[in-house]
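Each chain is listed here by its residues.
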Amino acid sequence: MAALLSSTVFAFPPLAHAQQTTPLRGTLQDNSVQVQAQNNNDSNGSPTANPPNATPSPTDSGIPSRRYEPISPGALPPDDDNGNLGLLGVPLDDGSPPAGPADNSGGLNPDSAALPAAETAPVPAARPLRLRPGERSLLDEERADTFDNGPIEQNREANPPAGRTDRDNLPEPALERRIIRPDPEPFAPLGIRAGIVTLRPSISTGLRATTNADGSSDGSAALLSETRLRARATTDWARHSAWLDFDGTYDKTISGEEYSAPNVGLRGGMQLDLGERTTVKGEAGYRYRQEDPSAPTTIIGTSNRPAVQELDGSLGVRKEFGKFFADVKGNVDRTVYGNAEFSDGSVVSQKDRNNTFASIALRGGFEMSPAIKPFAEVEIGKLMYDEKEDSNGFQRSGVRTGLRGGVEVDFAEKLAGEFALGYLRQGIDDDRLSPVDGLSIDGALKWSPQRGTDVDIGLLTRVEGATAPGDSGSIFYEGTVGIKRQARANLDLKATLIASLRDNKDGSGWDKGFGAEIGATYWFNRFFGFDVSARHEFTRSEVESRQTNETSIFMGVTLQR
């Protein structure tokens, strides 16, 4: 036991002495530390130096590096002359050529062949790998992926044959390439552009066969020539916008009941954006039409349908305050009635029915979300007749008031518009006449349930005057639904539903009307199309002269630009 302790004491001091005399700088290999310690022991004559015939222990020489073995067998010739190399890898001058790679370690990694056979340190046996059943080691996979290569001059992959040199002056590709995409609307009108204004005109003409030419309670069948002219002008200002619409229809009898009726409408509007939160909107319109034969104010027995001219204009300002907004809108309407003519040549003037209505409306609301904005609105106006008294001595002017609540919606192309529900009252200056009041329903919505399908919904409430003695007037309600479907790029399908109610204050009950129309347009190109449609309308009332029934079919062509 004492001899073992003494040998241990004599074995460790040389290593500690070597670490103190030679400072370690950087990362050194274990073999370099081993060689440095051996050189110090030889120079100091340490008694721990191994005798020539003794086998060095792992403590003296460390773990030697493994001998270089290539993965591919046969890559190097057999190393059978390691003893011919010196300490620095230089072959000894014995006349025999060296074999194998030279030692480039600079003396820090002495090869076992440069030492005597007796002083060569034994290489520890590799620890066997413990693999799971079916598992392969990385070395086995690497060996499985390798294969022997022939001479490099025969390997075409590593030494490909010389080919034709590529051109250096190749043409450069264009910076911008013109990509021609198909037109999503190949049959839509192109319009006529003049500066910032684009005009899109169209004209339709054809034949209409109807069972009731003038739409009255005693009308008869006829074949009519129908011509319709439409035009729309829009601007492309970056900030503001303006538009102008024209729609005119003229019917003329070819055979059957004599009938001739023009119907013309012109309306324009503009929108000015004065800053980010202030908007000014204005509209104006004119319409020329013939009086509805089923209206209570129609004079019975006339040979013509009296003309009605309507002019209107409005101007409003909208201001937003954070989540809240306020609208102020002024409105003026002017209605002029033509003379009624009889078959005996007599004429009855209706100038006592001419009137002007002016009103102002205040609206306030808040932004529940960017797409939904509830609001409340109050309206006050004055209905003024040109004649203070009508032909029967009644003063029909008066104050009109309205109170509404509704919501504005804006879901981009999906749904946009507004809807309002409230109360409307038209007062009359003459105490002998009771005021006209009732429910008010107004709205205008544009809905697109899917691409290529557009639905327009309109709701209207208006007060109608009267001419009969003791009659205050009526409230008229109308709702329309228009559906347009693009079945194909060159085929448009259309359908329209109209329903109306009239609340007569003279005790004659309710007048009910309904109408439906379906049609299609086939486009041969952008400019020419073929139209066909069918329509049916009727009115039911307790008064015989107000009941109407009409069915018609139209066929014609349309030209557009």
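Residues numbered from 1 in each chain as written. Predicted model: local features only at pLDDT ≥ 70, side-chain atom pairs only at ≥ 80, totals over all residues. Heavy atoms only, no water.

> Describe in detail the overall build of the protein chain, supporting the description with residues and values.
Along the protein chain, the regular secondary structure elements total five helices and 21 strands. Of the contacts formed within the protein chain by residues at least 6 apart in sequence, a portion of 52% connects residues at least 24 apart. As presented, the protein chain carries roughly 36,200 Å² of accessible surface, and 57% of it is formed by carbon and sulfur atoms. (Helix = DSSP H or I, 4+ residues; strand = E, 2+ residues; numbered from the N terminus. Contact = heavy atoms within 4.5 Å. Areas by Shrake-Rupley, 256 points an atom, 1.4 Å probe, with all protein chains shown as cover.)

> Please give an account of unusual backbone geometry that cites residues and values.
A positive phi angle, near 55°, is found at Ala412, a position not held by glycine. One can find Ala412 in the loop between β13 (398-410) and β14 (415-426). Taking relative accessible area as the criterion, Ala412 reaches 61% and is therefore assigned exposed. (Buried < 20%, exposed > 50% of the residue type's maximum accessible area, 1.4 Å probe, protein only.)

> Pulling in residues and values, what's your account of the environment of Ser448?
Within the secondary structure, Ser448 is located in strand β15 (residues 436-450). What makes Ser448 buried here is its relative accessible area of 14%. Here the alpha-carbon distance between Ser448 and Glu413, two residues 35 residues apart in the chain, equals 6.7 Å. When near neighbours in sequence (up to four residues on either side) are disregarded, Ser448 contacts Glu413, Lys414, Thr453 and Asp454.

> Which residues make up the side chain of Ser474, and what values do they have?
Here Ser474 shows up in strand β17 (residues 474-488). Overall, Ser474 belongs to the buried group, its relative accessible area being 2%. With residues near it in sequence (within four places) discarded, Ser474 still touches Val436, Arg462, Val463, Glu464, Arg502, Asp503, Asn504 and Lys505.

> Lay out the pattern of salt bridges with the relevant residues and their values.
Summed over all chains, the structure comprises 32 salt bridges. Across the pair Glu464 and Arg462 runs a salt bridge whose closest N-O atoms are separated by 3.2 Å. Given the relative accessible area of 13%, Glu464 is considered buried. The class of Arg462 is partly exposed, set by a relative accessible area of 34%. Residues Arg535 and Glu550 are paired through a salt bridge, measuring 3.5 Å at the closest nitrogen-oxygen approach. Here the residue Arg535 occupies a position in strand β20 (residues 528-540), and Glu550 occupies one in strand β21 (residues 548-560), the gap between them amounting to 15 residues. (Salt bridge = Lys/Arg side-chain N within 4 Å of Asp/Glu carboxyl O.)

> Run through the side chain of Glu408, naming residues and quoting values.
Locating Glu408 in the fold gives a position in strand β13. Polar contacts involving the side chain of Glu408 include one to the side chain of Arg363, which spans 3.0 Å. Once residues within four sequence positions are removed from consideration, Glu408 is found in contact with Arg318, Phe325, Arg363, Ala371, Ile372, Lys373, Phe375, Gly417 and Glu418. (Polar contact = N/O pair within 3.5 Å; in protein donor to acceptor, adjacent residues only side chain to side chain.)

> Explain the packing of aromatic side chains residue by residue, including any values.
In this structure the tally under the stated criterion is three aromatic pairs. Considering the side-chain rings of Tyr522 and Phe524, the 5.2 Å spacing of their centres and the 80° angle between planes classify their relative orientation as edge-to-face. With a relative accessible area of 33%, Tyr522 lands in the partly exposed category. Cluster of aromatic residues (ring-pair linked, three or more members): Tyr522, Phe524 and Phe528. Here the basic side chain of Arg318 rests over the ring of Phe325, its NZ or CZ set 4.0 Å away from the ring centre. For Arg432, the ring lying beneath its charged end belongs to Phe394, and the centroid distance is 4.2 Å. (Phe/Tyr/Trp six-rings, centres within 6.5 Å; stacked < 30°, edge-to-face > 60°. Lys NZ or Arg CZ within 6 Å of the ring centre and 35° of its normal.)

> Before we move on, can you summarise the pairing of strand β16 (residues 453-464) with the specific residues and values?
Both β15 and β16 contribute to a ladder of six bridges, which runs antiparallel. Within β16, the position partnered with Leu445 by the bridge is Ile457. The sheet contact formed by β16 and β17 spans 12 bridges and is antiparallel. Looking at the pairing, Val463 lines up with Ile475 of β17. (Pairing = 2+ DSSP bridges.)

> Requested: an account of the environment of Gly381, with residues and values cited.
For Gly381, the position within the fold is in strand β12 (residues 372-385). Residue classification places Gly381 among the buried residues on the basis of a relative accessible area of 8%. Sequence separation between Gly381 and Gln426 is 45 residues, and the spatial gap between their C-alpha atoms is 9.3 Å.

> Give a description of the environment of Lys252 that names residues and reports values.
Relative to the helices and strands, Lys252 is located in strand β4 (residues 241-256). With relative accessibility at 33%, the residue Lys252 sits in the partly exposed group. Between the C-alpha atoms of Lys252 and Glu226, which are 26 residues apart in sequence, the distance is 6.7 Å. When near neighbours in sequence (up to four residues on either side) are disregarded, Lys252 contacts Leu223, Leu224, Ser225, Glu258, Tyr259 and Ser260.

> Report on the pairing of β13, specifying residues and quantitative values.
For β12 and β13, the ladder comprises 12 bridges, and the chain directions are antiparallel. Within β13, the position partnered with Pro374 by the bridge is Val407. Examined bridge by bridge, β13 and β14 share 11 bridges and lie antiparallel to one another. Along β14, the bridge assignment pairs Gly402 with Leu424. Here β13 folds back onto β14 in antiparallel fashion, the turn holding four residues, of which Ala412 has a positive phi close to 55°.

> Help me get a handle on the confidence of the model for the protein chain, residues and values and all.
Residues at a pLDDT of 70 or more form 69% of the protein chain, whose mean pLDDT is 80. Of the regions scoring below 50 in pLDDT, residues 1-35 engages in 26 contacts with residues more than four places distant in sequence or in other chains. (pLDDT = per-residue confidence, 0-100.)

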